[in-house]
Each structure stands twice: as C-alpha cells, then as structure tokens.
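Structural features, examined
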Amino acid sequence: MDKSQGRTARPDAAPAAEIVTASGHRGLQTEEKLIFEQGEPGRTGVDLPAPPKVADRLNGLKRQRPVGLPGLSEPQVIRHFTRLSQKNYAIDSGLYPLGSCTMKHNPRLNEKMARLPGLADIHPLQPVSTVQGALELMDRLAHWLKTLTGMPAVALTPGAGAHGEFCGMVAIRAALDAKGQQSRKRVLVPESAHGTNPATAAACGFTVDAIPADDRGRVDLAAFKAKLGPDVAAIMLTNPNTCGLFEPDIVTIAKALHEAGGYFYCDGANFNAIAGRVRPADLGIDAMHINLHKTFSTPHGGGGPGSGPVVFSEALAPYVPLPYVVHGKDGFRLVEGREGKAEPLGRLKTFHGQMGMFVRALTYMLSHGADGIRQASEDAVLNANYLLARLKDVMSPAFDGPCMHECLFDDSFLKDTGVSTLDFAKALIDEGFHPMTMYFPLVVHGALLIEPTESETRASLDEFVGSLRSLATRAKQGEAASFHAAPRLTPRRRLDETRAARQPVLRWKPAAPTRQAAE
Ligand SMILES: *Cc1c(COP(=O)(O)O)cnc(C)c1O
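Residues numbered from 1 in each chain as written. Predicted model: local features only at pLDDT ≥ 70, side-chain atom pairs only at ≥ 80, totals over all residues. Heavy atoms only, no water.

**Topic: helix H7 (residues 196-203)**
Structurally, the α-helix is built with 3.6 residues per turn, so residues lying three or four positions apart point the same way. For H7, the set of buried residues is Asn197, Thr200 and Ala201. One face of H7 carries all of its buried residues, which in axial projection span an arc of 100 degrees. Gly205, located one to two residues past H7, shows a positive phi value of around 90 degrees. (Buried < 20%, exposed > 50% of the residue type's maximum accessible area, 1.4 Å probe, protein only. Helix = DSSP H or I, 4+ residues; strand = E, 2+ residues; numbered from the N terminus. Arc of directions from axis to C-beta.)

**Quick notes on the sheet that holds strand S11 (residues 407-410)**
Consider a sheet: its strands pair through backbone hydrogen bonds, and that pairing is either parallel or antiparallel. With antiparallel pairing, four strands are arranged side by side in an open sheet as S10-S11-S13-S12. Each edge of the open sheet is held by one strand with a lone partner, namely strand S10 (396-397) and strand S12 (437-438). Bridge count between S11 and strand S13 (residues 448-450): three bridges; the pairing is antiparallel. Looking across to S13, one finds that Cys407 is bridged to Ile450. (Pairing = 2+ DSSP bridges.)

**Comments concerning the nonpolar core**
Ranked by internal contacts, the top residues of the largest apolar core, which has 56 residues, are Leu141, Leu145, Phe224, Ile235, Phe264, Phe296 and Met365. Contributing elements (two or more residues each) for this core: helix H5 (132-149), helix H8 (221-227), strand S4 (232-238), helix H9 (250-259), strand S5 (263-267), strand S9 (331-335) and helix H11 (355-391). Sort the elements by how many residues they give to this core and H11 lands first, with 11 residues. No fewer than three residues from each of domain 1 (109-366) and domain 2 (372-498) sit in this core. Once you skip the residues sitting within four places of it in the chain, Phe296 turns out to touch Asn110, Leu145, Leu148, Phe271, Ile290, Asn291, Arg360, Ala361, Tyr364, Met365 and Ile373. The next biggest cluster of nonpolar side chains, apart from the first, holds 30 residues, and it includes Ala384, Leu468, Leu471 and Ala475. (Core = buried A, V, L, I, M, F, W, Y, C linked by side-chain atoms within 4.5 Å. Domains from an automatic or database assignment. Contact = heavy atoms within 4.5 Å.)

**Side note on the site of the ligand**
Neighbouring the ligand are 15 residues; Gly161, Ala162, Asp267, His293 and Lys294 lie closest to it. Take Gly161: an N or O atom from its main chain is 2.8 Å from an oxygen atom of the ligand. For the ligand, the accessible surface in isolation is 380 Å², of which the surrounding protein chains cover 91%. Put simply, the parts of the chain that give the shell around the ligand at least two residues each are helix H6 (161-178) and helix H10 (292-295). A per-element tally of the shell around the ligand places H6 first, with three residues. (Near = heavy atom within 4 Å. Polar contact = N/O pair within 3.5 Å; in protein donor to acceptor, adjacent residues only side chain to side chain. Areas by Shrake-Rupley, 256 points an atom, 1.4 Å probe, with all protein chains shown as cover.)

**Notes on the packing of aromatic side chains**
Taken as a whole and assessed by the stated rule, the structure comprises six aromatic pairs. With centroids separated by 5.1 Å and ring planes inclined at 65 degrees, the aromatic side chains of Phe433 and Phe464 adopt a geometry described as edge-to-face. Placement of Phe433 in the loop between helix H12 (421-430) and S12 and of Phe464 in helix H13 (residues 458-476) is noted, with a sequence separation of 31 residues between them. Like Phe433, the residue Phe464 is buried in the burial classification. (Phe/Tyr/Trp six-rings, centres within 6.5 Å; stacked < 30°, edge-to-face > 60°.)

**Quick notes on the packing of H6 against H7**
For any two helices packed against each other, the geometry is given by the interaxial angle and the distance between the axes. Contact geometry of H6 with H7 gives a least axis separation of 9 Å together with a crossing angle of 45 degrees. The pairing of H6 with H7 is recorded here as oblique in orientation. When you trace H6 past H7, the crossing you get is right-handed. For the pair H6 and H7, contact is made by Ala162, Glu165, Phe166 and Met169 and by Thr196, Asn197 and Thr200, respectively. Residue composition of the contact of H6 with H7, by class: three nonpolar, three polar and one charged. (Axes fitted to C-alpha atoms, helices over the stretch in contact; angles between N-to-C directions. Parallel < 35°, antiparallel > 145°, perpendicular 65-115°, else oblique. Left-handed = near helix turned anticlockwise from the far one by under 90°. Nonpolar A, V, L, I, M, F, W, Y, C, P; charged D, E, K, R; others polar.)

**Notes on the pairing of strand S3 (residues 207-211)**
Where a strand is regular, its side chains alternate between the two sheet faces. Of the strand pairs in this sheet, strand S2 (residues 186-190) and S3 are connected by five bridges, and their pairing is parallel. Pairing of Leu188 across the sheet is with Asp209, part of S3. Taken together, S2, H7 and S3 form a β-α-β motif whose crossover is right-handed. (Right-handed = clockwise from strand over helix to strand, strands pointing away.)

**Things to note about a nonpolar patch on the surface**
Where nonpolar side chains cluster on the molecular surface, the patch consists of Leu34, Phe36 and Trp508 and spans about 270 Å² of accessible area. Residue position: Leu34 is located in the segment before helix H1 (35-38). Of the residues examined, Leu34 reaches a relative accessible area of 44% and is grouped as partly exposed. (Patch = residues over 30% accessible without salt bridge, like charges linked within 9 Å, V, L, I, M, F, W, Y side chains within 5 Å. Salt bridge = Lys/Arg side-chain N within 4 Å of Asp/Glu carboxyl O.)

**Considering unusual backbone geometry**
Residues apart from glycine generally show negative phi values, whereas peptide bonds are mostly found in trans. Looking along the chain, the bond that leaves Asn239 and enters Pro240 is cis, with omega of -10 degrees. By secondary structure assignment, the location of Pro240 is in the loop between S4 and H9. Pro323 follows Leu322 through a cis peptide bond whose omega is -10 degrees. Its location among the elements puts Pro323 in the loop between strand S7 (310-312) and strand S8 (324-328). One non-glycine residue, Ser100, adopts positive backbone phi at about 75 degrees.

Here you go:
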C-alpha cells in the first residue's frame with residue numbers, strides 16, 4: 001500500500017496535485033511573516049522631532065543596545081494586522097457550532113452602548129455621586145437577573161463562570177460553618193460535569209465525589225440518593241447538563257439534598273437554554289452562576305472579559321460578597337463593608353466587576369425584552385433539535401429523545417470506518433465550517449457536541465447539515481485516507497497539537513549571525 005495514503009502519512013505533506021506558488025501565498029491568502037521578520041532598522045511610520053538635549057540622570061542605567069523594535073512603515077503595520085485579523089475565524093465570519101461555549105451573535109448595539117463615554121470613560125474610584133447612572137445600570141441588571149431566576153440576591157462581581165462557582169461554593173462553606181457544620185466536606189459532582197465544577201470544589205477545600213450518569217445521560221437518581229449523608233456539603237449540578245439534556249429529576253434531587261442538610265449549587269452556564277421559561281428558584285437551587293458572556297451574548301472565548309454573576313437563595317443571601325449596590329434616600333451607593341444582618345464574604349475582585357459586560361448584558365436584555373429572551377431560548381433549543389433530527393439517521397445521537405440547546409453525538413457512526421472524531425472535525429474545516437466541540441463531555445465516546453445557538457438561519461443550518469451528511473456518507477464509503485489528510489485547504493495542515501501545547505514558541509529571536517551559525 002502507498003504509505004502516503006495511510007495514517008502514517010506526514011500530516012503536513014502536500015498531496016501531489018497541490019499547487020505550489022513562488023511566493024508561498026495561496027490565492028489571496030498571504031503567508032504572513034512575523035512582524036520582526038518584516039522590519040528594517042531605521043524605517044518608521046512617524047516623524048518625531050529630535051529629542052531635546054538633556055543631562056543624563058540615569059546614573060549608568062541607560063540602555064546600551066537598541067530596544068530591537070521592528071522598523072515598519074504605516075502601510076506595512078496596517079497590512080500586517082489586517083491580514084492577521086483575517087486569519088481569525090469568528091462568529092462574524094460564519095457558523096461557530098462549539099457546544100458548551102455558546103458562540104452566539106453579539107448585537108452591535110451592545111458594543112455601541114459599552115462604548116458610550118458616560119460608561120466607558122468613568123473610573124472605579126470616582127465619587128459615587130458622579131456615577132449614579134452606572135450604579136443604576138448595575139442595579140437594573142441585578143433586578144433582571146433576580147427576576148429571571150426568581151432568586152432574592154445576586155453577586156455581580158465574579159469575573160467568569162468558574163469564578164462564580166468559586167463565589168457560590170465559598171458562600172456554601174460560610175453557611176455551613178455558621179451552623180457549626182465544618183465536618184460537611186463532601187461535594188457530589190455528576191460525571192458529566194464541566195471540569196470547572198470538581199476543580200472549584202477541590203479549590204474550596206471540599207472533597208469531590210462523582211455521581212455516575214444513567215443510560216439516558218442524566219444523573220443516576222438511585223446512586224445520588226445512596227451518596228447522601230451527614231458529611232455532604234453540596235451538589236454541583238449543571239442544568240441543562242453538558243450532554244445538552246434537561247435533568248428531569250432536579251426537583252427530587254433538590255428536596256432529597258435539602259433534607260440531608262446539603263446545599264444545591266447549580267452550574268447555570270447553560271441558562272441560555274431555559275431563560276424566560278424556567279426559574280431556577282422554583283427548582284430548589286441555592287446558588288447559581290450565570291455566564292453573562294454566554295447567555296446574554298458576547299461569544300465565549302471571544303477575546304473579551306467574561307462575567308459570572310451568582311444568584312443566591314434566601315439561605316445564602318447574607319454572604320453576597322462586597323461591594324454591592326443599594327438604593328437609599330440619597331440615590332444609589334456601593335456597600336463596601338458589613339451592614340445590617342449581612343455576613344459578606346469580602347471581596348472577590350478589584351472594584352465592582354466587569355462593567356463592560358454588565359452594559360452588554362443589560363443592553364441584550366432590554367433590547368430583547370422578557371418575551372424576546374424567552375424566544376431566544378426557545379429558538380436555540382429548536383435549532384439544536386432541528387440539527388439532531390436532520391442528522392440522526394447518518395450520525396449517532398448519544399442519547400434518545402430531544403435535546404436542549406446543543407445536540408450530542410458519539411462516534412459509533414464512524415465505527416470500522418478508520419475515521420476518528422478528530423479526522424471528521426478536520427474534514428469539516430475543508431467544508432468551510434469551524435468544528436464542533438470534540439471529545440467532550442467525557443461520558444460519551446468520541447463525543448461531537450454541536451450548539452448552533454438561536455441566531456442561525458434555517459438556510460445556514462441546512463448548509464451545515466449538508467456538509468455533515470456528506471462527510472458521514474463519505475466516511476462510511478471508505479474514504480478514510482482523505483479524512484486523514486484533512487484539512488487540505490487551510491494555510492496550515494494538521495499540526496502537532498501536543499507539541500504546540502507543551503513547547504509553545506512564544507518569543508521571536510533574531511537569527512544567529514552567519515559566522516556563529518556555521519560553527
Ligand atoms: C463555560 C462553562 C463554565 C465555565 O465558565 P467560564 O466563564 O469559562 O469560567 C462552567 N460550566 C459550564 C457548563 C460551562 O459551559
């Protein structure tokens with residue numbers, strides 16, 4: 001057999017028919033050099049006056065050699081960064097079906113609001129009398145979060161979902177300690193949980209006890225009940241869970257847990273599937289973080305900061321961390337210390353949280369309205385179920401029945417084809433789509449987790465389905481070799497991802513002078 005066709009082929013080896021260009025560019029895709037490789041000493045885009053002659057006061061600390069900045073003209077700089085930006089795949093360039101990440105369209109209105117000078121140019125240390133509008137905005141956001149969840153209190157400061165988990169679990173620890181229950185140390189975490197859940201529990205000094213999933217991809221209720229005991233501090237449960245499924249026994253779980261003296265932490269990163277339809281308070285939840293950067297737009301991993309406010313039940317409300325906004329007779333103010341019956345946890349973050357994210361989330365809420373938020377959740381679930389329905393005869397759904405905001409497949413449809421989940425995802429890139437989340441959640445073999453979000457049109461979903469169906473058929477027809485060679489049409493072929501992660505080359509070093517290099 002021709003080895004170049006098989007799995008052992010060098011992944012970056014060009015197929016024979018591939019066109020080689022003199023420049024290295026492909027079509028209008030530029031093979032972009034590093035900025036340091038493009039620079040020439042002395043070239044510049046600015047014309048500064050010569051510095052005035054002043055006496056040297058550096059006491060010998062003056063730099064001996066040039067800084068080594070690349071010398072470039074303005075057009076060179078503009079081209080370089082424009083070309084780099086074009087190499088990014090973004091939600092603004094196409095469907096971004098990463099499950100668990102909620103890469104939904106970020107309305108431009110959000111950005112416009114976040115840049116309003118009255119919000120963008122204020123300083124956290126300004127007197128509160130001069131930032132009444134900003135505090136009112138935080139108060140309004142808090143109101144919406146409490147209303148949507150039915151919970152009485154919210155901590156706005158956590159800087160991301162995982163930070164929110166930390167906030168919630170520290171509050172649970174404080175509530176247990178206040179009751180003299182220091183011995184409650186065990187936290188139950190379903191096997192399908194996002195990795196941040198067990199990590200948070202461990203970071204807060206709890207021990208993690210995994211609950212198995214049943215064959216429907218849900219928490220095994222009998223196994224859960226068997227684990228309850230006087231040392232159980234809490235459960236950390238995601239709903240909808242990371243298989244994209246609603247936990248139907250959640251009310252029973254909450255009741256049994258509360259009777260056993262534990263607290264219910266819910267990972268609400270997937271709130272976008274139920275916002276406007278289900279109020280977490282009605283499910284018996286004590287603390288839940290909400291990823292503003294998933295549920296209320298701003299794609300996850302989109303480069304900006306995240307924000308993970310936590311809503312608290314009556315039992316945990318006294319522990320809300322500082323600072324928080326209250327409205328008194330002199331307008332809005334920030335509470336920065338202990339007041340009334342509160343037992344605040346202290347501070348989790350400098351100042352008051354991610355203001356820009358508050359503005360974006362509130363803009364999203366107000367522009368959608370209560371009915372619009374509900375519809376966004378419903379459309380997200382509808383789109384995921386549409387994909388599931390159109391793909392289930394050629395791919396293999398991990399579980400029976402409808403899904404929530406994301407649909408999950410395992411790799412059994414690829415059995416005996418020689419094509420792996422990774423190969424399949426790489427081939428999808430040649431089709432012009434960003435791959436779905438792969439190999440997560442871990443409870444499913446070779447998982448492919450797809451989250452289309454509400455903002456995709458039927459036409460874009462159909463196009464995506466067309467590619468997936470074609471790939472599934474080609475895999476089954478024995479075209480494994482072409483999958484192993486994918487992606488073929490990208491500027492780079494398959495990379496050594498392990499090496500890239502373990503030995504990242506983050507610094508450019510000038511080439512050694514030729515004389516030295518020859519030695
Ligand atoms: C995204 C996510 C998290 C973590 O949120 P970050 O903002 O990345 O810290 C936790 N749990 C689930 C289920 C998630 O999808």
